[in-house]
Amino acid sequence: MHSEQDGLPQAADHLQDIIAEQEKIFVERQPESARMAGRARHSLAGGVTSSWQITVPQAVWLSHGRGSKIYDVDGNEYVDLHGGYGAALAGHAHPAIVEAVHSQVGLGTHFAQPTRSAVAVGEELASRFGLPLWRFANSGTEATMDAVHLMRSITGRDLIIKVEGCYHGHHDSVQVSVTPEADEAGPASRPAQVPASSGIPKAIINLTLVATFNDLASVERLLDEHPGQVAGMIIEPIMMNAGIIEPEPGYLPALRDLLHSRGALLTFDEVKTGLTAGPRGATGLTGVTPDIITLAKAIGGGVAIAAVGGAAEVMAHVADNGYEMVGTFNGNPLAVAACRAMLTEVATHEAYQRIDALRERAVAGIEQEITRTGLAAHVVAVGAKGCVVFAPEPVRDYRGFLGIDDRYSHAHWLFQHNGGVFLPPWGKIEQWLISVQHDEPDIDLLVANFAAFATAVTG
Ligand SMILES: Cc1ncc(COP(=O)(O)O)c(C=O)c1O
């Protein structure tokens, strides 16, 4: 995924040297992680519990987290801006979450019957996201799978539209054109339907049409080409699996109107943006309410839970069993207790004010360093999320993102890591997450490490 953006082979060599040096430091700091990785390879496939935990040069094994910090098995402390891929908005061991989980554990952790906390969560989600009725699941993947099923079930149509570069989890219908390479993505005016993984039948790939973000005409074309056949569209309203790409003004409301005019539904996948883009997610930020919203990650305060919300007509179809939305662990008492505490005690107005101030501090500090060093980069930040995009200008869709040289993100990640800040791995795809427990010194360390990185790569 490397481009010739930096042009000069000399610059590329310099970057490679920096990466090699930082990877060496990285490994030297973590002998116990290396030992664990060696042992794990005999019992865990690939030595990890999810393929996204395979980081280069080696997986980092953690021992615990507290507040805004996490600690690896070698005893190194990190300011945690990885946030468990955007789930740890509460930070770690937040007293309200600890208390909620602790109380529920003593009262039983699973019944497969509803408990009081479930209805409290439903009411809170309805008031935040403007959709009246909710159900639960256990992961973002399950939630978006239900949303896709629901759109198909209600309309009786098989086709769905997704956006090139959006990720919605690992079920078949959405494992299409997530991070296609340039040589397989097809023409920008007509993105190809590229399987994101092996194991996805071609027949299912064919049911997922691919549109371009911020391009209404690309959706209109697909609807025209398949009249009366598109059940709906699923989209990250703010793209957060390609750095961060924001919707242009007017795009989302026009998208909703266009889909409705063809009898199709709109799902906002707010698994990432949910509570992190702001207290009412991207839905609140943009003022556009879709037919269905999916949530997961941060809503559980670090405990696995997902939610699917819908308009009254949509969820009537669930209520009357037109679509059977099920799951043994749906609304699990432990998870809903943590989620309730997250919504009512952690993700408060004051917490967002604090996060806003920290975000502004991070953006200002990093932008100052970009100006000082002349690095071809800019910062995009929304709510608690943010990232450095290693391109001079904002990108508006996946094709703009595709051309960015991934090595800058990797070098930046290494500098941050070796300097005591744990950003999410996976290079240019991911963003930082500022939790409710971060403070100014945490952000200042992020900026200081960025300054060291920017000085090194431009030096
Ligand atoms: C926007 C979005 N939707 C869905 C998912 C899938 O969530 P999970 O990993 O909980 O299955 C992710 C995961 O990163 C995501 O970013």
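Values in this document were obtained by computation on a predicted structure and should not be read as measured data.

Reading the values: the criteria
- Residues numbered from 1 in each chain as written.
- Predicted model: local features only at pLDDT ≥ 70, side-chain atom pairs only at ≥ 80, totals over all residues.
- Heavy atoms only, no water.
- Helix = DSSP H or I, 4+ residues; strand = E, 2+ residues; numbered from the N terminus.
- Expected span 1.5 Å × (residues − 1).
- Buried < 20%, exposed > 50% of the residue type's maximum accessible area, 1.4 Å probe, protein only.
- Contact = heavy atoms within 4.5 Å.
- Pairing = 2+ DSSP bridges.
- Near = heavy atom within 4 Å.
- Polar contact = N/O pair within 3.5 Å; in protein donor to acceptor, adjacent residues only side chain to side chain.
- Areas by Shrake-Rupley, 256 points an atom, 1.4 Å probe, with all protein chains shown as cover.
- Nonpolar A, V, L, I, M, F, W, Y, C, P; charged D, E, K, R; others polar.

A. Layout of helix α5 (residues 116-129). Look at α5: 20 Å from first C-alpha to last across 14 residues, which is about the 20 Å you get at 1.5 Å a residue. Of the residues making up α5, those classed as buried are Ser117, Ala118, Ala120, Val121, Gly122, Leu125, Ala126, Arg128 and Phe129. Contact partners of the buried residues in α5: β4 (133-137), α10 (281-286), β9 (292-295), β10 (306-310), α12 (333-346) and α13 (349-373).

B. Representation of the environment of threonine 283 in the model. For threonine 283, the position within the fold is in helix α10. Those residues in contact with threonine 283, other than ones at most four positions away along the chain, are Phe129, Phe268, Glu270, Val288, Thr289, Pro290 and Ile293.

C. Up close: the sheet that holds strand β3 (residues 77-80). In space, the four strands of this open sheet follow the order β1-β2-β3-β13, with mixed pairing throughout. Every other strand in the sheet has two partners, leaving β1 (62-66) and β13 (421-422) as the edge strands with one partner each. Pairing analysis gives two bridges linking β3 to β13, with the strands arranged parallel. Residue pairing for β13: valine 79 is matched across the bridge by valine 421.

D. Region of the structure containing the site of the ligand. Lining the immediate surroundings of the ligand are 13 residues, of which Gly140, Thr141, Asn241, Asp269 and Lys297 lie closest. In this structure, an oxygen atom belonging to the ligand sits 2.6 Å away from a side-chain N or O atom of threonine 141. Aspartate 269 is positioned with one of its side-chain polar atoms (N or O) 2.6 Å from a nitrogen atom of the ligand. Alone, the ligand offers 390 Å² of accessible surface; in the complex the protein occludes 89% of this. Its residues assigned to classes, the shell around the ligand comprises three nonpolar, six polar and four charged.

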